[in-house]
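The residues making up each chain are set out below.
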Amino acid sequence: MEGQRITEHPILGTPKKGQLVSFMFDGKEMQGYEGEPVAAALRAEGVLKHRETARLHKPRGIFCAIGRCTDCVMVVDGVPNTRTCITPLKAGMKVETQYGCSNKKSW
């Protein structure tokens, strides 16, 4: 899905394209370029939903893409509320959809 890749960011500039690495998203292996934002790697793989709101269970994804809002937060390597639009991708990362304010599916 190279055509879906973010090639230039209005705030962060042109991402440095590292080597192609594997990471896990909700138990599925995916690939992205080391150093690019996690959200960019997910977008390139066709993933648009990053979390669900706690009360209404509505999907959220990239909105501001500069780390100011919380629409792109996910659980990354066990840490909830990680802003994936500004978190650099590393080989072997474990990225999970976030449900509500943490990763617990029951409220």
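Everything here concerns the structure above.
Just so it is clear, the structure is predicted and the values come from calculations on it, not from any experiment. (Residues numbered from 1 in each chain as written. Predicted model: local features only at pLDDT ≥ 70, side-chain atom pairs only at ≥ 80, totals over all residues. Heavy atoms only, no water.)

Let us now look at the sheet that holds strand 3 (residues 51–52). Judged by pairing direction, the sheet is mixed, and its 3 strands sit side by side in the order 4-3-8 without closing on themselves. Strands at the two margins of the open sheet, each flanked by one partner only, are strand 4 (59–60) and strand 8 (98–99). (Pairing = 2+ DSSP bridges. Helix = DSSP H or I, 4+ residues; strand = E, 2+ residues; numbered from the N terminus.)

Ranked by size, the top nonpolar core spans 13 residues in total, and within it Phe23, Phe25, Leu42, Leu89, Met93 and Val95 carry the most contacts. Contributing elements (two or more residues each) for this core: strand 1 (20–25), helix 1 (38–44) and strand 5 (73–76). With residues near it in sequence (within four places) discarded, Phe25 still touches Met30, Leu42, Val47, Lys49, Met74, Val95 and Thr97. (Core = buried A, V, L, I, M, F, W, Y, C linked by side-chain atoms within 4.5 Å. Buried < 20%, exposed > 50% of the residue type's maximum accessible area, 1.4 Å probe, protein only. Contact = heavy atoms within 4.5 Å.)

What follows is about the environment of Leu56. Assignment of secondary structure puts Leu56 in the loop between strand 3 and strand 4. In this structure Leu56 comes out as exposed when scored by relative accessible area, which is 52%. Counting along the chain gives 44 residues from Leu56 to Gly100, while the straight-line C-alpha distance between them is 9.3 Å.

Within this structure, the stated rule accounts for 3 salt bridges. Taking the shortest distance from any N to any O, the salt bridge between Asp71 and Arg51 comes out at 3.2 Å. Of this pair, Asp71 sits in the loop between strand 4 and strand 5 while Arg51 sits in strand 3, placing them 20 residues apart in sequence. In this structure, Asp71 and Arg51 share a single accessibility class: buried. (Salt bridge = Lys/Arg side-chain N within 4 Å of Asp/Glu carboxyl O.)

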